[in-house]
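# Coordinate analysis (summary)
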Amino acid sequence: MAPSATLSRISINQLLQVGAQRLLTAGIENPRREARLLLSYVSDLSVELLIRDPEKELTPVQADQFMTVVKRRENREPFARIVGIREFWGLPFRINEKT
């Protein structure tokens, strides 16, 4: 089931299933983990909450944002570039298109 703006709300679990399947098909390692991290990024919800409350419903805007970042990752854009943060020696650094 693909998210759509016509849906009023979609659950975390539904989004993760769609996102993980698309990442798996694209050959991304650990597709469920990456889908969960991307959903955490766009929804501003902790990974722990996503795991604890998989039936929590998200808005169509959040679903569309999630599918946008999943598409970017499917196209092999680096995860760090999508979320704008890269860790180096345990320190988080903000990155942009120039770094």
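Everything quoted here is computed from the prediction, not taken from an experiment.

Attention shifts here to the packing of helix H1 (residues 12-25) against helix H2 (residues 31-43). The geometry of H1 relative to H2 is characterised by a closest axis approach of 8 Å and an angle of 130° between their N-to-C directions. When the interaxial angle is binned, H1 and H2 end up oblique. Of the two possible hands of crossing, H1 and H2 adopt the one that is right-handed. Counting all contacts with H1, which are made through Ile 12, Asn 13, Leu 15, Leu 16, Gln 17, Gly 19, Ala 20, Leu 23 and Leu 24, the residues of H2 involved are Pro 31, Arg 32, Glu 34, Ala 35, Arg 36, Leu 38 and Leu 39.

Below, the discussion takes up the side chain of Glu 34. Here Glu 34 is to be found in helix H2. Those residues in contact with Glu 34, other than ones at most four positions away along the chain, are Leu 23, Ile 28, Glu 29, Arg 73 and Phe 79.

Positionally, Ile 28 belongs in the loop between H1 and H2. For the pair Ile 28 and Arg 76, spaced 48 residues apart in sequence, the C-alpha to C-alpha distance is 8.1 Å. Contacts of Ile 28, omitting those with residues within four sequence positions, involve Leu 23, Glu 34, Arg 73 and Arg 76.

Conventions used here
For every chain, the first residue of its written sequence is number 1, and the numbers climb from 1 along that sequence. Since the coordinates come from a predicted model, pLDDT governs what is reported: local features require at least 70, and pairs of side-chain atoms require 80 or more to be given and counted, while whole-chain, interface and lining totals use all residues. Computation of side-chain values covers all heavy atoms of the structure but excludes hydrogens and water. Lines fitted to C-alpha atoms define the axes here, with helix axes fitted over just the stretch in contact, and angles between the N-to-C directions of these axes take values from 0 to 180 degrees. Strands are runs of DSSP state E lasting at least two residues, helices are runs of H or I lasting at least four, and both sets are numbered from the N terminus onward. Orientation labels follow simple angle bins: below 35 degrees gives roughly parallel, above 145 gives roughly antiparallel, 65 to 115 gives roughly perpendicular, and whatever is left gives oblique. In this scheme the handedness of a crossing depends on how the near helix is turned from the far one: anticlockwise by less than a right angle means left-handed, clockwise means right-handed. By definition, residues are in contact when any of their heavy atoms lie within 4.5 Å.

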